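Report on the structure
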Amino acid sequence: MNQFDLIRVIPKAELHVHIEGTFEPELMFKIAQRNQIEIPYKSVDEIKQAYNFHNLQSFLDIYYAGANVLIQEQDFYDLAWAYFEKCAEDNVVHSEIFFDPQTHTDRGVAFDTVILGLKRACDDALEKLGISSHLIMCFLRHLSEDSAFETLKQALPHKEHIIGVGLDSSEVGHPPAKFERVFAQAKAEGFLTVAHAGEEGPPEYIWEALDLLQVNRIDHGVRSEEDAQLMQRLINEKMPLTVCPLSNLKLCVVEDMSQHNIRRLLQKGVHVTVNSDDPSYFGGYMNDNFIAITQALNLTNDEIKTLAINSFEASFISTEQKKLYIDQVNNLFQ
Ligand code: HPA
Ligand code: ZN
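Quick caveat: nothing in here was measured; it's all calculated off a predicted structure. (Residues numbered from 1 in each chain as written. Chains lettered and ligands numbered in written order. Predicted model: local features only at pLDDT ≥ 70, side-chain atom pairs only at ≥ 80, totals over all residues. Heavy atoms only, no water.)

1. A word on the sheet that holds strand 2 (residues 92-99)
Inclusion rule: Strand pairing is defined by DSSP finding a minimum of two bridges between the two strands. Secondary structure elements follow DSSP: runs of H or I of four or more residues count as helices, runs of E of two or more count as strands, with numbering from the N terminus. Simply put, an axis is a line fit to the C-alpha atoms, just over the touching stretch for a helix, and the angle between two N-to-C directions goes from 0 to 180 degrees.
Spatially, the eight strands line up as an open sheet ordered 1-2-3-4-5-6-7-8, and their pairing is parallel. Since the sheet does not close on itself, it has two edges, and those belong to strand 1 (12-18) and strand 8 (271-274), each with one partner. Averaged over all neighbouring strand pairs, the angle between strand axes comes to 25°, with direction disregarded. One ladder, built from four bridges, connects strand 7 (residues 240-243) with strand 8; its direction is parallel.

Listed below in structure tokens is the structure:
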């Protein structure tokens, strides 16, 4: 089997995808019309032309604008269902999905509307597609600590449907330390924790995510390579990094895919995984990410296998479930 056939058939988990970032222009138009909301684009082509980013912020401005058309529970259902259909195509059998409640509650959409729509799609994905999932609620780091505490409070009645909390949005200038107390409370309430760190921000932010937020995984983390001591810690602790290659390319974190460090990180022994981040905006879902790095970096079948196994090991599913999925991966190589 060549690498590209393997990428198609190998089971994988996705651990870093923002549901608002899976919003395809076609669905955006449909929901905008349904809710009678004006969007500043005349066509799908015009939307796609706006997806020309030069850094994280230039993307976030457009990403938040797109999310404005989401109002009803059905909108959140349709958004998540469309993503699960992509998972089925890519043989993503488990996904841990970020959502940004503040993007919606700040516009007057109830927390319950968001979570109920997403949860119903997750239930249907399991029943109809056999895809398991978890939801991870992210705090927007450009907003205040108070706003994050308020969001955590709103999540408590839905605790059984939310496995963890995360931290996203504009990284530089909003270090993990800003949310140390919120994360401590979230942990005390039983949530697992992750945080975006070291995407555009410096290695110091990764140290803070580890030491102050006590995260279970680092989202992105590609800048860890600049700090040898940090690299050693990540390796020693088998700390997962949820790396998003096409995102890094689109947001100019790397100039060219041939310069991406994911293969080097893997070879040095860091527990890296491959993910799509905001696939509708960055030009591809899970398999497109695998294909892009395989083409640019000449990944071997063995490395693709390790990345797939890493994705299950780094996930928040039970040990038994991990074993079942990893056995499925190993069976491909019998
Ligand atoms: N980084 C930070 N915040 C985000 C991202 C990202 O890649 N995607 C959606 N929100
Ligand atoms: Zn992200």
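2. Regarding the pattern of salt bridges
As a working rule, side chains carrying opposite charge can pair if their charged atoms are close by. Rule in force here: One speaks of a salt bridge when a side-chain nitrogen belonging to Lys or Arg is within 4 Å of a carboxyl oxygen belonging to Asp or Glu. Only protein chains enter the accessibility calculation, which uses a 1.4 Å probe; a residue is then buried when its area is under 20% of its type maximum, exposed when over 50%, and partly exposed in between.
Counted by the stated rule, this structure contains 20 salt bridges. Among the ionic pairs, lysine 159 bridges to glutamate 189, the shortest N-O distance being 3.0 Å. Remark: glutamate 189 occurs in the loop between helix 9 (180-188) and strand 5 (192-197) and lysine 159 occurs in the loop between helix 8 (145-155) and strand 4 (164-168); sequence separation between them is 30 residues. On the basis of relative accessibility, which here comes to 34%, the residue lysine 159 falls in the partly exposed class. Owing to a relative accessible area of 27%, glutamate 189 belongs among the partly exposed residues under this scheme. Across the salt bridge formed by glutamate 313 and lysine 238, the nearest N and O atoms sit 3.3 Å from each other. In this pair, glutamate 313 sits in helix 16 (residues 301-313) while lysine 238 sits in the loop between helix 11 (228-236) and strand 7, placing the two residues 75 residues apart along the sequence. Where salt bridges share partners, they join Arg34, Asp75 and Asp78 into one cluster.

3. Structural notes on the coordination of the zinc ion (ligand 2)
Stated formally: The rule for donors is simple: N, O or S, within 2.8 Å of the metal, or within 3.2 Å if the metal is Na, K or Ca. Water isn't counted, so a site may look like it is missing partners. Tetrahedral means four donors with every angle between 85 and 135 degrees, whereas square planar (four donors) and octahedral (six donors) require angles over 155 degrees between opposite donors and between 65 and 115 for all others; sites fitting neither are termed irregular.
Around the zinc ion (ligand 2), the protein contributes the donor atoms His16 (NE2), His18 (NE2), His196 (NE2) and Asp277 (OD), at 2.0 to 2.2 Å from the metal centre. If you look at the zinc ion (ligand 2), its four donor atoms make angles of 80 to 173° with each other, and the shape they trace is irregular. We classify histidine 18 as buried; its relative accessible area is 3%.

4. Some details on the environment of isoleucine 293
Let me state the cut-off plainly: Any pair of residues with heavy atoms lying within 4.5 Å of one another is described as a contacting pair.
As for its placement among the helices and strands, isoleucine 293 is situated in helix 15 (residues 286-297). Judged by its relative accessible area of 0%, isoleucine 293 is buried. In this structure the C-alpha to C-alpha distance between isoleucine 293 and threonine 22, which are 271 residues apart in sequence, comes to 20 Å. Leaving out residues up to four positions away in the same chain, isoleucine 293 has contacts with Pro245, Met257, Ile262, Val274, Asn298, Leu299 and Leu307.

5. Let's talk about the site of ligand 1
Going by this rule: Nearness here has a simple test: a residue counts as near a molecule or strand if at least one of its heavy atoms is within 4 Å of that partner. Any pair of N or O atoms that falls within 3.5 Å is considered a polar contact. Within protein, one atom must be able to donate a hydrogen and the other to accept it, and sequence-neighbouring residues count only if both atoms are side-chain atoms. Methods summary: accessible areas were calculated by the Shrake-Rupley approach with a probe of 1.4 Å, and residue burial reflects only the protein chains presented. In the cavity and pocket records, a cavity denotes points on a 1 Å grid over the protein atoms alone where a 1.4 Å probe fits but cannot get out, a pocket denotes an open set with protein on both sides within 12 Å along at least 5 of 7 lines, and lining residues are residues with an atom within 4 Å of a point. Think of it this way: a molecule belongs to a cavity or pocket when more than half its atoms come within 2 Å of the grid points there. When residues are sorted by character, Ala, Val, Leu, Ile, Met, Phe, Trp, Tyr, Cys and Pro go into the nonpolar class, Asp, Glu, Lys and Arg into the charged class, and all the rest, Gly among them, into the polar class.
Neighbouring ligand 1 are His18, Leu56, Phe59, Leu60, Tyr63, Asp168, Ser169, His196, Glu199, His220, Asp277 and Asp278. Here a nitrogen atom of ligand 1 sits 2.8 Å away from a polar atom, N or O, in the side chain of glutamate 199. The protein chains hide 100% of the 260 Å² of surface that ligand 1 would expose on its own. Among the cavities detected, the one that contains ligand 1 is the largest cavity. Among the elements that line the shell around ligand 1, the one with the most residues is helix 4 (residues 56-67), at four residues. Along the lines of polarity and charge, the residues of the shell around ligand 1 split into four nonpolar, four polar and four charged.

6. Notes on the layout of surface pockets
Put simply, the rule reads: Grid points are joined across faces, edges and corners, and a volume is the space filled by probe spheres set on the points.
In this structure, the largest pocket spans a volume of roughly 150 Å³. Every residue lining the largest pocket is listed: Lys119, Cys122, Asp123, Leu126, Ser132, Ser133, His134, Leu135, Glu160, His161, Ile162 and Ile163. Only helix 7 (111-129) and strand 3 (132-140) provide two or more residues apiece to the lining of the largest pocket.

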